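Results of the structural survey
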Amino acid sequence: MKEKIQDMGSTMKAKIKEGTANVQGKAEEATARTHGEKAAAKEREKAREAEAKAELHGEKAEHREEAGLHHGVGHVPLTGPHHHRPVGMGATKPTYTTGTHPTTDKYL
């Protein structure tokens with residue numbers, strides 16, 4: 001839960017940075033006089049947005065690391081699509097000395 005809240009905060013910061021980059025890029029593009037200056041302004045805008053996204057992914061990775069330090073201590077992880085335990089980790093079947101299963105009177 002804490003990880004999700006931290007991710008939401010990081011996402012909001014990234015959105016604000018992307019929006020700021022967009023506004024700055026549009027302003028630079030509006031003040032540019034030549035085609036080359038406009039293209040350079042657009043590239044700087046893209047670079048700012050990419051930097052904001054990279055920061056977001058870095059912060060999310062830090063959140064995962066922090067959460068990973070607290071999870072997984074003292075229990076066997078449940079894996080697989082139906083949360084089955086790994087082979088050999090679940091309840092063991094009893095073994096019989098004869099090598100066969102004991103007979104029952106179910107079909108007698």
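Residues numbered from 1 in each chain as written. Predicted model: local features only at pLDDT ≥ 70, side-chain atom pairs only at ≥ 80, totals over all residues. Heavy atoms only, no water.

- The chain is annotated in an unreviewed UniProt entry as Late embryogenesis abundant protein from Rhynchospora tenuis.

Describing the overall build of the chain
- Scanning the chain from terminus to terminus reveals two helices and zero strands.
- Out of the 108 residues in the chain, the part that is buried amounts to 11%.
- Taking contacts inside the chain between residues at least 6 apart in sequence as the whole, the part at least 24 apart equals 54%.
- Only carbon and sulfur atoms are counted for the fraction: they give 60% of the accessible area of the chain, which is about 9300 Å². (Helix = DSSP H or I, 4+ residues; strand = E, 2+ residues; numbered from the N terminus. Buried < 20%, exposed > 50% of the residue type's maximum accessible area, 1.4 Å probe, protein only. Contact = heavy atoms within 4.5 Å. Areas by Shrake-Rupley, 256 points an atom, 1.4 Å probe, with all protein chains shown as cover.)

Some thoughts on the pattern of salt bridges
- Counted according to the given criterion, the structure contains five salt bridges.
- Arginine 64 is paired through a salt bridge with aspartate 7; the nearest N and O atoms lie 2.8 Å apart. Of this pair, arginine 64 sits in helix H2 (residues 35–70) while aspartate 7 sits in helix H1 (residues 2–31); the two residues are 57 residues apart in sequence, bridging distant segments of the chain.
- On the accessibility criterion, arginine 64 (41% relative accessible area) is partly exposed.
- Connected via shared salt-bridge partners are Glu28, Arg44 and Arg48. (Salt bridge = Lys/Arg side-chain N within 4 Å of Asp/Glu carboxyl O.)

So, the side chain of glutamate 45
- Here glutamate 45 shows up in helix H2.
- Of the side chains bearing the opposite charge, lysine 26 lies closest to the buried glutamate 45, which forms no salt bridge; the N-O distance is 4.5 Å.
- Residues contacting glutamate 45, with those up to four places away along its chain left out, are Ala21, Asn22, Gly25, Lys26 and Glu29. (Lys, Arg positive; Asp, Glu negative; His and termini not counted.)

Let's talk about the environment of alanine 32
- Tracing the sequence through the fold places alanine 32 in the loop between H1 and H2.
- Note on alanine 32: relative accessible area 11%, which makes it buried.
- Ignoring anything within four residues of it in the chain, the contact list for alanine 32 reads Glu37 and Lys38.

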